[in-house]
Amino acid sequence: MNTIIIDGKHTSERVRRNLRSVIEQLKQAGHTPGLAVVLVGEDPASQVYVNSKVKACEELGIYSQKWVMPTETSQEELVQLIDRLNHDDRIHGILVQSPPPPHIDEAAVVLCIDPRKDVDGFHPVNVAKLVMEDSSGFVPCTPLGCMELLKEYGIETKGKHAVIIGRSMIVGKPMAHLLMSKQANATVTVAHSRTTNLADLCRTADILVAAVGRPGLVTAQYVKPGAVVLDVGINRVEDPTRPRGYRIVGDVNYDEVAPLCSAITPVPGGVGPMTIAMLMANTVKACRASCGVD
Ligand code: GUN
């Protein structure tokens, strides 16, 4: 099969290029989009993600604030910070990096974020808007990035059977809603850890989305020839041959699966780069809404 390798880096650069001109116009009208990124604790992967988000803001001319709080920060201190950011007119988007330390009640923290600034799309108001297909809400960045990739590559979703492996609030559930929406018109099955005959089910998919966090779970026997495979997994596996001692792999056994597919996202370089691009897009959307452009 002549497999198309879906290039997330290239697509994310196109998204950023488009945003740059919108940001320029907003600035000329006196509105600079602003994002606050909050990290509680010292998780090394989270530190990398947070720094990448701040860097992306700098490159686009988005104002940013980075808040790094110690692991022992209390729920109350975190909520106080969010409250301040909710009332800070320079800030249009607030993101609290997930996962926080175990003593923090993440759902309660999300509830404190002003839904109009919830650029992660995790607040129940935005979850409801997604389910209701109200486009004024914010959609979580990773599934939004997946949809952008499908659009960029002209991949038809209408009438297709999409199987999503994983039912998380960050990827699986919102992805299901986006694919079943009247915009995309796919028929969606959501599989999870208790699904029986997972490989047989996945083999019925025209579009297979893997978002479980299990390295290499999806092998050739999971994939119908000609299917489109989106690999959302970002897993660290030990690799003593690498300088860092690990490498990043997806949920898909790429070497085995890629030859079967009509299109596939690699890891890294597929879905990953889209997440930050869509965060920037959501921040610009929040700014436009706040100044009445939308
Ligand atoms: N951790 C992993 N992905 C995400 C994300 O999209 N948003 C936040 N806040 N934390 C994450």
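Structure: above.
Residues numbered from 1 in each chain as written. Predicted model: local features only at pLDDT ≥ 70, side-chain atom pairs only at ≥ 80, totals over all residues. Heavy atoms only, no water.

Caption draft 1: Broad picture of the pairing of strand β2 (residues 34-40). Of all seven residues in β2, seven are buried; the element is thus mostly enclosed. Here β2 shows no split at all, with Gly34, Ala36, Val38 and Val40 on one side and Leu35, Val37 and Leu39 on the other all buried. Sheet topology note: the β2/strand β3 (residues 63-69) ladder contains seven bridges and is parallel. Along β3, the bridge assignment pairs Gly34 with Tyr63. (Buried < 20%, exposed > 50% of the residue type's maximum accessible area, 1.4 Å probe, protein only. Helix = DSSP H or I, 4+ residues; strand = E, 2+ residues; numbered from the N terminus. Pairing = 2+ DSSP bridges.)

Caption draft 2: Molecular detail of the site of the ligand. In the vicinity of the ligand, the contacting residues are Leu95, Val96, Gln97, Ser98, Asp120 and Phe122. With respect to the ligand, the backbone of Val96 contributes an N or O atom lying 2.9 Å from a nitrogen atom. In this structure, a nitrogen atom belonging to the ligand sits 3.2 Å away from a side-chain N or O atom of Gln97. Contact with the protein chains covers 82% of the free accessible surface of the ligand, which is 280 Å². When the residues that make up the shell around the ligand are grouped by side-chain class, the tally is three nonpolar, two polar and one charged. (Near = heavy atom within 4 Å. Polar contact = N/O pair within 3.5 Å; in protein donor to acceptor, adjacent residues only side chain to side chain. Areas by Shrake-Rupley, 256 points an atom, 1.4 Å probe, with all protein chains shown as cover. Nonpolar A, V, L, I, M, F, W, Y, C, P; charged D, E, K, R; others polar.)

Caption draft 3: Structural detail: the side chain of Asn235. Here Asn235 shows up in strand β9 (residues 235-238). Of note is the side chain of Asn235, whose polar atom sits 3.1 Å from the backbone oxygen of Gly250. At a separation of 2.9 Å, a polar atom in the side chain of Asn235 contacts the side chain of Asp251. Here Asn235 is in contact with Gly213, Arg214, Pro215, Arg247, Ile248, Val249, Gly250 and Asp251, once residues within four sequence places are set aside. (Contact = heavy atoms within 4.5 Å.)

Caption draft 4: Broad picture of the side chain of Arg16. Of note, Arg16 is situated in helix α1 (residues 8-28). Taking the relative accessible area as the measure of exposure, Arg16 reaches 17% and is therefore buried. Among all residues touching Arg16, those that are not within four sequence positions of it are Ala56, Glu59, Leu60, Pro273, Ile276 and Ala277.

Caption draft 5: Layout of the pattern of salt bridges. In this structure the tally under the stated criterion is twelve salt bridges. Notably, a salt bridge pairs Arg16 with Glu59, separated by 3.7 Å at the nearest N-O pair. Of the two residues, Arg16 sits in helix α1 while Glu59 sits in helix α2 (residues 44-60), which places them 43 residues apart along the sequence. Between Lys151 and Glu148 there is a salt bridge, and its shortest N-O distance comes to 3.6 Å. Taken together, the positions of Lys151 and Glu148, both in helix α6 (residues 141-152) and three residues apart, correspond to about one turn of that helix. Since its relative accessible area comes to 14%, Glu148 is described here as buried. Linked by salt bridges that have partners in common, Arg14, Glu148, Lys151 and Glu152 make up one network. (Salt bridge = Lys/Arg side-chain N within 4 Å of Asp/Glu carboxyl O.)

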